[in-house]
Amino acid sequence: MAGRRRALIVANGEYDNAGLQRLGSPAADADALAGVLGDRAISDFEVSVVRNETAHVVQAEIEDLCLEGKPDDVLLMHFSCHGLKDDAGSLYFAARNTRPDRLRSTAVPAQFVQQCIRQSRSRSIVLLLDCCYGGAFGQGVAVRASGDANVLDSFRGGRGRAVITASNSIEYAFEGARLASDEPARPSVFTSALVEGLRTGEADRDEDGWIALGELYEYLFDRVRERNPKQTPSRDIEMQGELYLAKSRRRRIKPSPVPPDLAAAIGAENPFTRLGAVAELRRRLSSANLPVAMGAFEALRAMASTDIEHVAAAASDALATAVVRVEVPSVRLSAPAGAVAPATVRVLGPPVAREVRFEASHSWIAVAPVAGGAELSVSAGEAGMRRGKVVVSGPTGDAVIGVEIEALPEPVVEDTAFEPTLEPVPEPAPEPDAAAGPASEAPAAGPEPEVAGEAEPEPVKRPNVALGALDAPNAALGALDAPNATLGASEPGAGDQPGAVDPVGGFAGILAVTGVVLAVAGLPLNYRYDYSLSQYRPGMETAVLVVAACALLGGVLTLAPRTRARTGPALLFGAGLAAVFGLLRFLGEAIALSQRGDTELKAGFTFALLAHLAWVVAGACALAALGRNPGSALGAGRVRGRPAWAAIVLGVTAAGGWVVQLGALTAYDSEDGGRATVYFLLGALLAVCVPVVAMVLRPPPAGCAVLATGTAGLLGVLAPTFTACWEESSLSLTGQTIAVAALVLLAADTVVLAVQARNQPNGRQA
């Protein structure tokens, strides 16, 4: 059983004694390191932070951590503070109450830390020392040595422990009881490199997905020496086996070899055989098995560079589908000076193309990888425009996203306190009537006019004008509070972007339009004997025309550049569901008649059957096209929200209404009920299936599109069911009325769901 992973961060940058210089980096170091160590996706430590505490508090925390450790626990201690050495050469860690002339009683002895480590039962203890080594000795105390003080010597001995120090040098330069150095405190190079290596995975040198302690030291050594050649990290590791401190996204994908038969096809003399191998490699390139996809990528790259022209061109086209691609090439943001603006970056393509890592060009661009991309937090400068970039790197290539953020000027609030107010001009009193006499003069005088200023008028509220619309969402800030708004995805339909034609989607669109042509052409033809469909099966022609309209709409949008990614296929899939009613109806009739030896079905029947078969197949292909498109993020989820549940309830209600109506019809006339059974039962089945499938489909906009065309098809079913009941003059239509009301409400609910999905932020699925 794996043990616990516990970390203690000791950060002391503020000191009561004036002789110890205040350090600015420990507080920042503690926050940054605690964040990365506590991240469950990276290190998964239980982190405790001790900030600016006295020596006895720090010692108690160290002792608790070590003595509570079990054999399988991994313990990590990080010190960010002054490292002091007394005249006897003993090392101490400065606490808040440390006095340079009383180190034994006011500081944390390194010997105490070493004793706690030795007494711990844990077999894996890591000690990271990021100390500003110097001393603050009382005036008149002689310093016996200078230069190297061999910090690691204080922690030698014992098993199952590792010590890594930011530097192994202690410099003595003092004036009285104060540090002689006039240099200001700087951020820690060591801890910033430590945090960067763990967070980005750059410390994973062998790219196996894990950051080992040895790899981490090598990374720290190189990065610290690169930034400060005068600082040399040191280590002393006494452990058996490798200790892994964190997980890494820098996982190298080892390509799997292609199967022998495919390898033979790649090397075949016949170019058409090699073209077939390219098609199979292209299919393997989209596999979720990353080693298999990388094996196909390597094979295609070799064919693209060595094969004849038309085979190499096919291989290059296949490779182009797996290169690293991002949704937008640049991000443009705006925010008040010093504020942070968020943005979302989405990576497109098959799984192997989305196995990427992100690297920002500047520190003011913070990148947090998430599923399918990354979240950016971009800080605005004091004034003007900042420009940077984020490099997206993967095993199949690189992409660059430009990042720009404009610092908005300080808001200017208009001062209305001294705006002049216009005094109302009283209207002249009418001339008194001479005949009225003195009694009529009093009312003519009226009340005295109010003095302007006694009741100062309220200023006119003008929201989002004086402040530059900073308080208005999606106004001047470019929808900073809406994820992906600044990326050009201002509405849920942003997934429908022009791109390469998916052959499956293109086939579905063409097949749907072909079915429409067959259906329309077959309506005037004889269905059976000398009767057309409208004469032999009254009401069915209406159902056919409704489904044809839905299929035509879905097919055209599936072929249109801006809607072929999601909207078109979703509408076509709903039309395919609606076409199941007609397909089963016509197939059932053909089977029933063939069993009686009747072969009088004519061309009108054949056209109608082929049209519905084409629509059902087109709907299945449309669903496959949605699944093949990474930008659609097709999936299934739980039914959430009252409108979604209402759709399912209304579908079940409509189905119940048709079942009730079938029972009433059968009781009234069993022969007519038998002939109409297929209409009511198939309609009831479709009324239940369409809302359920649409509401569990993700993303929600796709489900709404499926529900729209599926509901339209259900409304078309009303025609044959009404026709079956219409001839029975005294038959109760209660069930049919229930079905009509439920379907009308379902159509209204579909509109509510569509508006709800449109107003939903891009990428956030209910």
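Residues numbered from 1 in each chain as written. Predicted model: local features only at pLDDT ≥ 70, side-chain atom pairs only at ≥ 80, totals over all residues. Heavy atoms only, no water.

## What about the overall build of the protein?
Then step 1. Summing up its helical and strand segments, the protein has 20 helices and 24 strands in all.
Then step 2. Sequence-distant contacts, at least 24 apart, represent 74% of the contacts inside the protein between residues at least 6 apart.
Then step 3. Entry remark: accessible area of the protein is about 37,800 Å², with carbon and sulfur atoms responsible for 55%. (Helix = DSSP H or I, 4+ residues; strand = E, 2+ residues; numbered from the N terminus. Contact = heavy atoms within 4.5 Å. Areas by Shrake-Rupley, 256 points an atom, 1.4 Å probe, with all protein chains shown as cover.)

## Focus: the sheet that holds strand E17 (residues 365-370)
Then step 1. Spatial ordering of the open sheet is given by E13-E15-E18-E17, a layout of four strands whose pairing is antiparallel. Two strands close off the open sheet at either side, each with one partner strand: strand E13 (325-326) and E17. (Pairing = 2+ DSSP bridges.)

## As for the packing of aromatic side chains
Then step 1. Inspection of the entire model under this criterion finds seven aromatic pairs.
Then step 2. Between the aromatic rings of Tyr 527 and Phe 605, the centroid separation amounts to 5.7 Å while the plane-to-plane angle is 75 degrees, which identifies the pairing as edge-to-face. Separated by 78 residues along the polypeptide, Tyr 527 in strand E21 (residues 526-528) and Phe 605 in helix H16 (residues 603-628) bring together distant segments of the chain.
Then step 3. These aromatic residues form a ring-pair network of at least three members: Tyr 527, Tyr 536, Phe 586 and Phe 605.
Then step 4. Geometry around Phe 45 places Arg 5 over its ring, the cationic atom sitting 4.4 Å from the centre. (Phe/Tyr/Trp six-rings, centres within 6.5 Å; stacked < 30°, edge-to-face > 60°. Lys NZ or Arg CZ within 6 Å of the ring centre and 35° of its normal.)

## Description of the nonpolar core
Then step 1. Phe 586, Trp 615, Trp 658, Phe 680, Met 695 and Leu 707 are the most contacted members of the largest nonpolar core, which has 65 residues in total.
Then step 2. Of all elements in the fold, only helix H12 (503-522), helix H14 (540-559), helix H15 (567-595), H16, helix H17 (642-668), helix H18 (670-696), helix H19 (700-726) and helix H20 (734-758) reach the threshold of two or more residues within this core.
Then step 3. The residues contacting Phe 680, other than those within four sequence positions of it, are Trp 658, Gln 661, Leu 662, Leu 665, Thr 721, Ala 724, Cys 725 and Gln 736. (Core = buried A, V, L, I, M, F, W, Y, C linked by side-chain atoms within 4.5 Å. Buried < 20%, exposed > 50% of the residue type's maximum accessible area, 1.4 Å probe, protein only.)

## Here we look at the pairing of E17
Then step 1. Both E17 and strand E18 (residues 373-379) contribute to a ladder of six bridges, which runs antiparallel. Directly across from Ile 365, in E18, lies its bridge partner Val 378.
Then step 2. Counting the residues in the hairpin turn of E17 and E18 gives two residues, including Gly 372, whose phi is positive at 85 degrees.

## What to know about helix H9 (residues 290-306)
Then step 1. Counted at 1.5 Å a residue, the expected span for H9 with its 17 residues is 24 Å, and the 24 Å between its end C-alpha atoms agrees.
Then step 2. Among all positions in H9, only Leu 290, Val 292, Ala 293, Met 294, Gly 295, Ala 296, Phe 297, Ala 299, Leu 300 and Met 303 are buried. (Expected span 1.5 Å × (residues − 1).)

## Focus: unusual backbone geometry
Then step 1. Looking along the chain, the bond that leaves Arg 698 and enters Pro 699 is cis, with omega of 5 degrees.
Then step 2. Here Pro 699 is to be found in the loop between strand E24 (697-698) and H19.

## A look at H12
Then step 1. Its 20 residues give H12 an end-to-end C-alpha distance of 28 Å, which sits within 8% of 28 Å, the value for a rise of 1.5 Å per residue.
Then step 2. Restricting attention to buried positions, one finds in H12 the residues Gly 505, Gly 506, Ala 508, Gly 509, Leu 511, Ala 512, Gly 515, Val 516, Ala 519 and Gly 522.
Then step 3. Contacts made by the buried residues of H12 are with H14, H15 and H16.

## Some details on the packing of H15 against H16
Then step 1. Between H15 and H16, the least distance of the axes is 7 Å, while the angle of their chain directions is 145 degrees. As H15 packs across H16, the resulting crossing turns out to be left-handed. On H16, the residues touching Pro 569, Ala 570, Leu 572, Phe 573, Gly 576, Ala 579, Val 580, Gly 582, Leu 583, Phe 586, Leu 587 and Ala 590 of H15 are Phe 605, Ala 608, Leu 609, His 612, Leu 613, Trp 615, Val 616, Ala 618, Gly 619, Ala 622, Leu 623 and Leu 626.
Then step 2. A per-class count over the contact of H15 with H16 returns 20 nonpolar, four polar and no charged. (Axes fitted to C-alpha atoms, helices over the stretch in contact; angles between N-to-C directions. Left-handed = near helix turned anticlockwise from the far one by under 90°. Nonpolar A, V, L, I, M, F, W, Y, C, P; charged D, E, K, R; others polar.)

## What about a nonpolar patch on the surface?
Then step 1. On the surface, Phe 507, Leu 610, Leu 613 and Val 617 cluster together into a nonpolar patch covering about 330 Å² of accessible area.
Then step 2. Here the nonpolar patch takes three residues from H16, the largest share from any one element.
Then step 3. The topology assignment puts Leu 613 in helix H16.
Then step 4. Accessibility expressed as a relative area gives 42% for Leu 613, which makes it partly exposed. (Patch = residues over 30% accessible without salt bridge, like charges linked within 9 Å, V, L, I, M, F, W, Y side chains within 5 Å. Salt bridge = Lys/Arg side-chain N within 4 Å of Asp/Glu carboxyl O.)

## Focus on a negative patch on the surface
Then step 1. Among the surface-exposed residues, Glu 53, Glu 61, Glu 63 and Asp 64 lie close enough to one another that they form a single negatively charged patch.
Then step 2. The residue Glu 53 is located in the loop between strand E2 (46-51) and helix H2 (55-67) in this model.
Then step 3. Look at Glu 53 and you get partly exposed, because its relative accessible area is 32%. (Lys, Arg positive; Asp, Glu negative; His and termini not counted. Charge placed at Lys NZ, Arg CZ, Asp CG, Glu CD.)

## Some thoughts on the confidence of the model for the protein
Then step 1. On average, the protein scores 79 in pLDDT, and the residues at 70 or more come to 79%.
Then step 2. Counting contacts from residues 134-149, a segment whose pLDDT is below 50, to residues more than four positions away or on other chains yields 42 contacts. (pLDDT = per-residue confidence, 0-100.)

## Structural notes on the pattern of salt bridges
Then step 1. Taken as a whole and assessed by the stated rule, the structure comprises 21 salt bridges.
Then step 2. In this structure, Arg 99 and Asp 101 form a salt bridge, with 3.6 Å as the shortest nitrogen-oxygen distance.
Then step 3. Overall, Arg 99 belongs to the partly exposed group, its relative accessible area being 38%.
Then step 4. Asp 101 gets classed as partly exposed once you look at its relative accessible area, which sits at 42%.
Then step 5. In this structure, Asp 101 and Arg 102 form a salt bridge, with 3.8 Å as the shortest nitrogen-oxygen distance.
Then step 6. Judged by its relative accessible area of 43%, Arg 102 is partly exposed.
Then step 7. Salt bridges sharing common partners tie together Glu 196, Arg 223, Glu 226 and Arg 227.

## Section: the side chain of Arg 698
Then step 1. Position of Arg 698 relative to the elements: it lies in strand E24.
Then step 2. Buried within the structure, Arg 698 lacks any salt-bridge partner; Asp 749 is the closest side chain of opposite charge, at an N-O distance of 13 Å.
Then step 3. Side-chain polar atoms of Arg 698 contact the backbone oxygen of Met 695, separated by 3.0 Å. (Polar contact = N/O pair within 3.5 Å; in protein donor to acceptor, adjacent residues only side chain to side chain.)

## Description of the sheet that holds strand E20 (residues 397-408)
Then step 1. The four strands are arranged E14-E20-E19-E16 in an open sheet whose pairing can be described as mixed. Looking along the sheet, the strands with just one partner apiece sit at the ends: strand E14 (330-336) and strand E16 (357-360). Between one strand axis and the next, the sheet turns by 25 degrees as a mean value, whatever way the strands run.
Then step 2. Bridge count between E14 and E20: seven bridges; the pairing is parallel. Note on E20: the bridge partner recorded for Ser 334 is Glu 406.

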